[in-house]
Amino acid sequence: MPVLEARNLTHVFADGTTALRDVSLKIGEGEFVILTGANGSGKTVFVRHLNGLLLPTQGVVTLDDVPITHNLVEVRRSIGLVFQDADSQIIGQTVAEDVAFGPENLRWPREAVQRVVKEALAVVGMEELSDRNPHTLSGGQKRRLTVAGVLAMKPGILIFDEPFTGLDYRGVVQILERLVRLHELGHTVVLVTHELEKALAHADRLVVFDRGRLAEDGEPTAVIEGVEKYGVRRPHKTGEELSALTWLR
């Protein structure tokens, strides 16, 4: 059964630009789904509808068959969105304060906040950096910090918007390791990326957007053959060579 579903989403901006056109997509519990497409294809606009950051002109998004607009606070706790620009999500004076921000805003007890901060930092391998100023971190560390901040809210669904952009090899590996580990731990993972060679080997599905429409949706090995006609670079190699994790071996 789909845990998250978009039904006939259309989004028209105030200037008349149509960003999404009648998009329907179901995401099952525990899936690892990659969304790809050329710049301007609508993939980022789409994922911002999944936790109510944007509301559709037409259509509906449901979580467990309930429209997300019925309780956006709970939806945003259940569906964590990690933006491409890590700095836009970092607001704490220390790493630990930044991770604690969400739970504290929900008025969780101090003991509970301390516990989830410790757990989240452990998952992303940043326990020893809890007292650091976030703005002194590397690009990869900042992305891991934003992941920890989302994890502290205990979401079941994690959405990552172009997490590899601007990272060097080490940063890419750090982020991909955490993505794969989170999926192994049972999280539903939605990854927006045009860098398919980095993560395709780990995905259950590949979804392609084209000019605001859902163009392809299926098993990665089947969909990958036709992605170039939508302006997406097709990896030259397949299988384990598509996984950045193999670079470590």
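Residues numbered from 1 in each chain as written. Predicted model: local features only at pLDDT ≥ 70, side-chain atom pairs only at ≥ 80, totals over all residues. Heavy atoms only, no water.

Overview of the overall build of the chain
Rules: Numbering of helices and strands runs from the N terminus, with a helix taken as a DSSP run of H or I at least four residues long and a strand as a DSSP run of E at least two residues long. Both definitions apply: the radius of gyration is a C-alpha atom measure, and the globule rule equals 2.2 Å times residues to the power 0.38. The cut-offs for exposure are 20% and 50% of the maximum accessible area for each residue type, with area from a 1.4 Å probe on protein chains only; residues under the lower value are buried, those over the upper are exposed, and the others partly exposed. Contacts between residues were defined by any pair of non-hydrogen atoms, one from each residue, lying within 4.5 Å. Surface accessibility follows the Shrake-Rupley procedure with a 1.4 Å probe radius. Residue values consider only the protein chains on display as shielding.
In terms of regular secondary structure, the chain is built from seven helices and ten strands. Computed over C-alpha atoms, the radius of gyration of the chain comes to 18 Å, within 12% of the 18 Å expected from 2.2 N^0.38 for 249 residues, which places it in the range of a compact globule. Projected onto its principal axes, the C-alpha coordinates of the chain cover approximately 50 × 45 × 35 Å. For the chain, buried positions account for 52% of its 249 residues. Sequence separation of at least 24 residues holds for 66% of the intrachain contacts in the chain that already meet a minimum separation of 6. Of the accessible surface of the chain, which amounts to about 12,000 Å², a share of 47% is contributed by carbon and sulfur atoms.

Section: the packing of aromatic side chains
Quick reminder of the rule: Classification of ring pairs uses Phe, Tyr and Trp, with its six-membered ring standing for Trp, and accepts pairs whose centres are within 6.5 Å; under 30 degrees between planes counts as stacked, over 60 as edge-to-face, and the remaining range as tilted.
All told, the structure shown has one aromatic pair when counted by the stated rule. Ring plane angle 45° and centroid distance 5.2 Å describe the contact between Phe 46 and Phe 209, whose orientation is recorded as tilted. With a gap of 163 residues between them, Phe 46 in helix 1 (residues 43-50) and Phe 209 in strand 9 (residues 205-210) connect regions that are remote in the sequence.

Re the environment of His 183
Relative to the helices and strands, His 183 resides in helix 6 (residues 169-184). Look past the residues within four positions of His 183 in its chain and what remains in contact with it is Gly 30, Glu 31, Phe 32, Val 189 and Asp 204.

What about the sheet that holds strand 10 (residues 213-218)?
Our working definition: At least two bridges found by DSSP between two strands is the condition for calling them paired. To define axes, lines are fitted to C-alpha atoms, for helices over the stretch in contact only, and angles between the resulting N-to-C directions are given on a 0 to 180 degree scale.
What the six strands build is an open sheet, ordered 6-7-8-3-9-10; its pairing is mixed. The two strands at the open ends of the sheet, each matched to only one other strand, are strand 6 (79-82) and strand 10. On average, each strand axis in the sheet is tilted by 15° relative to the strand beside it, whichever way the strands run. Both strand 7 (residues 157-161) and strand 8 (residues 188-192) contribute to a ladder of five bridges, which runs parallel.

So, the pattern of salt bridges
Basically, it comes down to this: In what follows, salt bridge is the name for a side-chain nitrogen of Lys or Arg lying within 4 Å of a carboxyl oxygen of Asp or Glu.
With the rule as written, the count across this model stands at 14 salt bridges. Arg 7 serves as the salt-bridge partner of Glu 5, at 3.5 Å between the closest nitrogen and oxygen. Here Arg 7 falls in the partly exposed class, since its relative accessible area comes to 30%. Put simply, Arg 211 and Asp 210 hold a salt bridge, and the shortest N to O gap is 3.3 Å.

A few points about the sheet that holds strand 2 (residues 18-28)
Adjacent strands of a sheet pair through backbone hydrogen bonds, lying either parallel or antiparallel. In spatial order, the strands read 2-1-4-5; together these four strands make up an open sheet with antiparallel pairing. The sheet is open, and its two edges are formed by strand 2 and strand 5 (66-67), each paired on a single side. In terms of strand pairing, strand 1 (residues 2-12) meets strand 2 through seven bridges, oriented antiparallel. Its bridge partner being in strand 2, His 11 is matched across the sheet by Leu 20.

A look at the nonpolar core
Selection criterion: Throughout, nonpolar core names a set of buried Ala, Val, Leu, Ile, Met, Phe, Trp, Tyr and Cys residues whose side chains join them through atoms within 4.5 Å.
If you look at the biggest cluster of nonpolar residues, it comprises 45 residues, and the most contacted ones within it are Ile 34, Val 99, Phe 160, Phe 164, Leu 179, Leu 191 and Leu 206. When residues of this core are traced back to their parent elements, those giving at least two are strand 3 (32-37), helix 3 (95-105), helix 4 (110-123), helix 5 (139-151), strand 7, helix 6, strand 8 and strand 9. Looking at which element gives the most residues to this core, the answer is helix 6, with six residues. If sequence neighbours within four positions are ignored, Phe 164 has contacts with Arg 143, Val 172, Ile 175, Leu 176, Leu 179, Leu 191, Thr 193, Glu 195, Lys 198 and Ala 199.

With respect to helix 6
For an α-helix, 3.6 residues make a turn, and residues three or four places apart therefore share a direction. Put simply, the test is: In a helix, the anticipated span is given by 1.5 Å times the number of residues less one.
In this model helix 6 runs 22 Å from its N-terminal to its C-terminal C-alpha over 16 residues, within 8% of the 22 Å that 1.5 Å per residue would give. Buried within helix 6 we find Gly 171, Val 172, Val 173, Gln 174, Ile 175, Leu 176, Arg 178, Leu 179, Val 180 and Leu 182. Looking at the buried residues of helix 6, the elements they touch are helix 4, helix 5, strand 7 and strand 8. Downstream of helix 6 by a residue or two, Gly 186 has a phi angle that is positive, lying close to 110°.

What to know about the environment of Lys 198
Here is the rule: Contacts described as polar in this section are N or O atom pairs within 3.5 Å, which, within protein, must combine one atom able to donate a hydrogen with one able to accept it, while residues neighboring in sequence count only if both atoms come from side chains.
Inspection of the secondary structure puts Lys 198 in the loop between strand 8 and strand 9. Given the relative accessible area of 10%, Lys 198 is considered buried. The spacing of Lys 198 and Pro 134 is 64 residues in sequence and 26 Å in space, taken between C-alpha atoms. Looking at Lys 198, its side chain comes within polar contact range of the side chain of Glu 195, at 2.6 Å.

Comments concerning helix 3
Buried within helix 3 are the following residues: Val 95, Asp 98, Val 99, Ala 100, Gly 102 and Pro 103. Tucked into the core, helix 3 has its buried residues touching helix 4 and helix 5. Just downstream of helix 3 lies Arg 107, where phi reads positive at about 60°.

Here's the deal with the packing of helix 3 against helix 4
To be explicit about the condition: An angle below 35 degrees is read as roughly parallel, one above 145 as roughly antiparallel, one from 65 to 115 as roughly perpendicular, and any other as oblique. By convention, the crossing between two helices is left-handed when the near helix turns anticlockwise from the far helix through less than a right angle, and right-handed when the turn is clockwise.
It is at 9 Å that the axes of helix 3 and helix 4 come closest, and there the two elements cross at 125°. With respect to their mutual orientation, helix 3 and helix 4 come out oblique. For the element pair helix 3 and helix 4, the recorded crossing hand is right-handed. Listed contacts from helix 4 to Val 95, Ala 96, Val 99, Ala 100, Pro 103 and Glu 104 of helix 3 are Val 113, Val 116, Val 117, Ala 120 and Leu 121.

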